[in-house]
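Structure at a glance
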Amino acid sequence: MTDSTRLARAGRLALALATACAFGGAAHAASATPASTTIKIDDATRAQITRVDGTHVRVRILPDGTTQTLEVKVADEEGKFGIESADYNFDGHRDLSFAATLGQVNREYQIFLYDAAQRRFEPLRMASEKGPNGNCDGLWNLSPDPKARVLNSSCRGGPMWYTDAWRYRADGRLYLYQADAPLPDEVNALFGLPEDSGPDSILLTYDETGRVVAREAQAYGGGKVTMKVKVARLPLHETAQATPTKRYVVAGDALDVLDVSDDGSWLKVRYRNPRGNPRTAAVMGWVAASEAAATP
C-alpha cells in the first residue's frame, strides 16, 4: 500500500478535537460580554475569536490587531458550534476550524487556512465540485497526518465507519486522494467474514484530476483480503471476462484477493503454492465470482 492507505477506522482514528470551545450555549447567552477565545497560530502570532451573533465571529490577529469577520456554516441541532485549531495544510501555521457534532459521533468541519502574508484566514477550497467526494461528502472527524501530508476524514453510517484521505494540489486546493469502496455482500460472502465484521473494500487512489490511478482490495480495518477455494476446481483467467487458461486452483487453496471488478463479478487473485519453491513467482489471474460461489 502507499503511505496512507492503512486508513484506520473507529478505534484507530484520532479525532482532532483540541482547543474546542462551544459557542451558542445558555451560559454565553446569559452573559453581557460576548464569548471569546484565543488560539496560537505560531510562536509570534495569536488570533482572538469573538462571537458576533449565531453565525458570525470576529477574528483579531495579535499583536497588530488586524480584524476580519467570518461566517460560520456548521452547527449542531441546538445551533452550537466549536472552535478548533490545527495545522490543516502543513505549512507551519495553525489554522482555524469551526466544528459541530451531528448525531453521536460525526463531527462536521469548516476550515479557514491562515495566510501569513495577508495575516488573515481564508476558507479552504476544494479542487473541484465535480470531482469525487469520497464516502463522507465533506470533512468529518478530521485527523491531520503531517508526515504523509494527508488530511484524514471519517464518518460513521449505521454500524460502519468510512474513511477518506485528502491532499493539497500545488495551488493550495484540496482534492480527494484515497477512499474505500465497500464490496457487495455477495462478494464478501466468498471470504467467510465473521458476523461482527464490516465489509471488505477496494481502496481507490486518485490523482489531482479525480482519475483513479490505483486500486487495492483491503480488509475491514486494514490488511489483506484472502479467500479459500470452496469448489473442486476454479479456473484462472488472464483477464476479467477472458476465456480460461489451463491454470486453475482447487478446493482448500488460499488466495490473496488483489482487486474486484466494479460490478463485483470478477476477482483478481494471487496464489502461492505452499509446497513450491519460495523463489518461484506467484501465480496471478482472475476468477469469476459466480464460479467461485458455485456449489461443489
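Attention here is on the structure that accompanies the text. (Residues numbered from 1 in each chain as written. Predicted model: local features only at pLDDT ≥ 70, side-chain atom pairs only at ≥ 80, totals over all residues. Heavy atoms only, no water.)

1. Considering the overall build of the protein
In terms of regular secondary structure, the protein is built from three helices and 21 strands. For the protein, buried positions account for 42% of its 296 residues. Expressed as a percentage of contacts within the protein between residues at least 6 apart in sequence, the contacts between residues at least 24 apart total 48%. Surface exposure of the protein reaches about 15500 Å², of which carbon and sulfur atoms provide 49%. (Helix = DSSP H or I, 4+ residues; strand = E, 2+ residues; numbered from the N terminus. Buried < 20%, exposed > 50% of the residue type's maximum accessible area, 1.4 Å probe, protein only. Contact = heavy atoms within 4.5 Å. Areas by Shrake-Rupley, 256 points an atom, 1.4 Å probe, with all protein chains shown as cover.)

2. Comments concerning the pairing of strand S16 (residues 225-228)
Residues Val225 and Met227 point to one face of S16 and are all buried, whereas Thr226 and Lys228, pointing to the other face, are not buried. Strand direction decides the pairing type here: S16 and strand S19 (residues 254-260), joined by four bridges, are antiparallel. Within S19, the position partnered with Val225 by the bridge is Val257. (Pairing = 2+ DSSP bridges.)

3. Section: the packing of aromatic side chains
Within the structure shown, the criterion is met by four aromatic pairs. Grouped by ring-pair contacts, the aromatic residues Phe81, Phe98 and Phe112 constitute a single cluster. Arg167 extends its terminal NZ or CZ atom over the ring of Tyr177, reaching a point 3.9 Å from the ring centre. The ring of Tyr248 has Arg233 lying over it, and the distance from NZ or CZ to the ring centre is 3.6 Å. (Phe/Tyr/Trp six-rings, centres within 6.5 Å; stacked < 30°, edge-to-face > 60°. Lys NZ or Arg CZ within 6 Å of the ring centre and 35° of its normal.)

4. Overview of the pairing of strand S4 (residues 56-62)
The side chains of a regular strand alternate, first on one face of the sheet and then on the other. A one-sided burial pattern is seen for S4, the buried positions being Val57, Val59 and Ile61 and the unburied ones His56, Arg58, Arg60 and Leu62. For strand S3 (residues 45-53) and S4, the ladder comprises seven bridges, and the chain directions are antiparallel. Directly across from Ala47, in S4, lies its bridge partner Ile61. As consecutive antiparallel partners, S4 and strand S5 (residues 67-71) are separated by four residues, and within that stretch Gly65 has a phi angle of approximately 90°, a positive value.

5. Describing the pattern of salt bridges
Under the counting rule described, the total for this entry stands at twelve salt bridges. Between Asp43 and Lys40 there is a salt bridge, with its nearest N and O atoms 3.2 Å apart. Take Asp43: its relative accessible area is 70%, and that puts it in the exposed class. Its salt-bridge partner being Glu122, residue Arg120 comes within 2.9 Å of it at the nearest N-O pair. (Salt bridge = Lys/Arg side-chain N within 4 Å of Asp/Glu carboxyl O.)

6. Side note on the nonpolar core
Tyr88, Phe191, Val257 and Leu267 are the most contacted members of the largest nonpolar core, which has 41 residues in total. Not counting residues up to four positions away in its chain, the partners in contact with Val257 are Phe191, Ala217, Val225, Thr226, Met227, Leu267, Lys268 and Val269. Grouped together as the second largest cluster of nonpolar side chains are 18 residues, Ala47, Phe98, Phe112 and Phe121 included. (Core = buried A, V, L, I, M, F, W, Y, C linked by side-chain atoms within 4.5 Å.)

7. Some points on the environment of Arg247
Along the chain, Arg247 turns up in strand S18 (residues 244-250). Considered as a pair, Arg247 and Pro235 are twelve residues apart in the sequence and their alpha carbons are 6.3 Å apart. Here Arg247 is in contact with Pro235, Leu236, Glu238, Val283 and Met284, once residues within four sequence places are set aside.

8. So, the layout of surface pockets
There is about 720 Å³ of room inside the largest pocket. Considering the residues around the largest pocket, the lining is formed by 32 residues, among which Leu124, Arg125, Met126, Gly138 and Leu139 are closest to the centre. At the level of secondary structure, the elements contributing two or more residues to the lining of the largest pocket comprise strand S8 (106-115) and strand S13 (174-182). The leading source of residues in the lining of the largest pocket is S8, at five residues. By residue class, the composition of the lining of the largest pocket is 15 nonpolar, seven polar and ten charged. (1 Å grid on protein atoms, 1.4 Å probe; cavity = no way out; pocket = protein on both sides within 12 Å on 5 of 7 lines; lining within 4 Å. Points joined across faces, edges and corners; volume = space filled by probe spheres on them. Nonpolar A, V, L, I, M, F, W, Y, C, P; charged D, E, K, R; others polar.)

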